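# Overview (structure and organization)
So the chains spell out like this:
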Amino acid sequence: MEVVIQPDAAAIARLVADEVQSLLAARPDAVLGLATGSSPLAVYDELVRRYEAGVLSLARVRAFMLDEYVGLPDDHPERYRNVIEREFAGRVDLPAGAVQGPDGNAEDLPAACAAYEAAIAAAGGVDLQLLGIGSDGHIAFNEPGSSLASRTRIKTLTSQTRRDNARFFDGDVEAVPRHCLTQGLATIMSARHLVLVATGAGKAEAVHHLVEGPVSAMWPATIMQHHPRATVLVDDAAASRLQLAGYYREVFAGKPSWQGL
Ligand SMILES: N[C@@H]1[C@@H](O)[C@H](O)[C@@H](COP(=O)(O)O)O[C@@H]1O
């Protein structure tokens, strides 16, 4: 696992966008994994800027989302499919239909989960998966206690996650759905490069466990320690509880620029 400590979200976004740009230069039809939440927003803004500047095209890209709420009306602004369209897909040249997500309104939810796994596999798997992390250490919606071998399935959100996400629902916890469909930890681990972004002191404990704690279902993101290519990008506040922060800074400072993330 590589830990990259940067001064702020904008600096993190530039590094992640560089990585996406070099991936697409090598493979214009790459498969991206998209995350929702506030953490990846600066990355999306940076990618949009590069698209508008004409240095990046996503015309041949396919993308898969991590998760989706169950039961939000199709036109609800917080439905993750709509969030991704608004924050990213609708602002670049991703073709219509290029972004897929689990169908949280399907009549048969287990079948929708299986179909989603099959769609990812049929696309050849995800090349670069963007991730945020919840304050309780969840990735996608794999809450504490999630099977480390899980695949896309229905999950119940913890009250902490519902409280955390209430800010997107006018502060109304009751408006946050109780259930979701989420890629499992094994699904996420199948992506070829994991790129996790975390900023702010509220993520410091989760980041500490992710990078330096024992691998445990209680902190689901720790499974990333088993991934051969995982990059964790954090700002100073999110890095504040890392015991080896000085070492991570030294390693990154000494890295040849051509190496990328
Ligand atoms: N399902 C999402 C996750 O994909 C996200 O990483 C996490 C952190 O969100 P944020 O980046 O807004 O802090 O919470 C949400 O519940």
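Looking at an unreviewed UniProt entry, one finds the protein chain named Glucosamine-6-phosphate deaminase and attributed to Georgenia muralis. Of the protein chain, the UniProt comment under Function (unreviewed entry) reads exactly: "Catalyzes the reversible isomerization-deamination of glucosamine 6-phosphate (GlcN6P) to form fructose 6-phosphate (Fru6P) and ammonium ion." Its UniProt record gives the protein chain the following Pathway (unreviewed entry) comment, quoted word for word: "Amino-sugar metabolism; N-acetylneuraminate degradation; D-fructose 6-phosphate from N-acetylneuraminate: step 5/5."

## Notes on helix H7 (residues 204–212)
Every buried residue of H7 is listed here: Ala206, Val207, His209, Leu210 and Val211. Close packing links the buried residues of H7 with strand S1 (2–6), strand S9 (193–198) and strand S10 (230–235).

## A closer look at the sheet that holds strand S7 (residues 153–156)
Strands sit in the order S4-S8-S7 across an open sheet of 3 strands; the sheet is antiparallel. The open sheet has two free edges, formed respectively by strand S4 (67–69) and S7, since each of these has just one partner strand. Taking each pair of neighbouring strands and ignoring which way they run, the sheet shows an average axis angle of 30°. Where S4 and strand S8 (residues 179–182) come together, 3 bridges link them in antiparallel fashion. Considered in S8, the bridge of Asp67 is made with Thr182.

## A look at the packing of helix H1 (residues 9–26) against helix H2 (residues 41–52)
The geometry of H1 relative to H2 is characterised by a closest axis approach of 8 Å and an angle of 55° between their N-to-C directions. On the basis of the axis angle, H1 is oblique to H2. Where H1 crosses over H2, the two elements pack in a sense that is right-handed. The residues of H2 that touch H1, namely those facing Ala9, Ala10, Ile12, Ala13, Arg14, Val16, Ala17, Val20 and Gln21, are Ala42, Val43, Asp45, Glu46, Leu47 and Arg50. Within the contact of H1 with H2, the residues separate by chemical class into 10 nonpolar, 1 polar and 4 charged.

## Re the confidence of the model for the protein chain
Across the protein chain, the average pLDDT comes to 97, with 100% of residues at or above 70. With pTM at 0.97, the complex prediction returns an ipTM value of 0.94.

## Overview of the UniProt feature "active site" (unreviewed entry) in the protein chain
Residues annotated in UniProt with the feature "active site" (unreviewed entry) correspond here to Asp67, Asp136, His138 and Glu143. Given 18 C-beta atoms within a 10 Å radius, Asp136 is considered partly exposed. One can find Glu143 in the loop between strand S6 (128–131) and S7. Glu143 has contacts with His138, Lys155, Leu157, Thr158 and Thr161, leaving out every residue within four places of it along the chain.

Here is what the cut-offs are and how they apply
Residues numbered from 1 in each chain as written. Predicted model: local features only at pLDDT ≥ 70, side-chain atom pairs only at ≥ 80, totals over all residues. UniProt positions renumbered as here; feature names shortened; annotations may be inferred. Buried ≥ 20, exposed ≤ 12 C-beta atoms within 10 Å, placed from the backbone. Helix = DSSP H or I, 4+ residues; strand = E, 2+ residues; numbered from the N terminus. Contact = placed C-beta atoms within 7 Å. Pairing = 2+ DSSP bridges. Axes fitted to C-alpha atoms, helices over the stretch in contact; angles between N-to-C directions. Parallel < 35°, antiparallel > 145°, perpendicular 65-115°, else oblique. Left-handed = near helix turned anticlockwise from the far one by under 90°. Nonpolar A, V, L, I, M, F, W, Y, C, P; charged D, E, K, R; others polar. pLDDT = per-residue confidence, 0-100.

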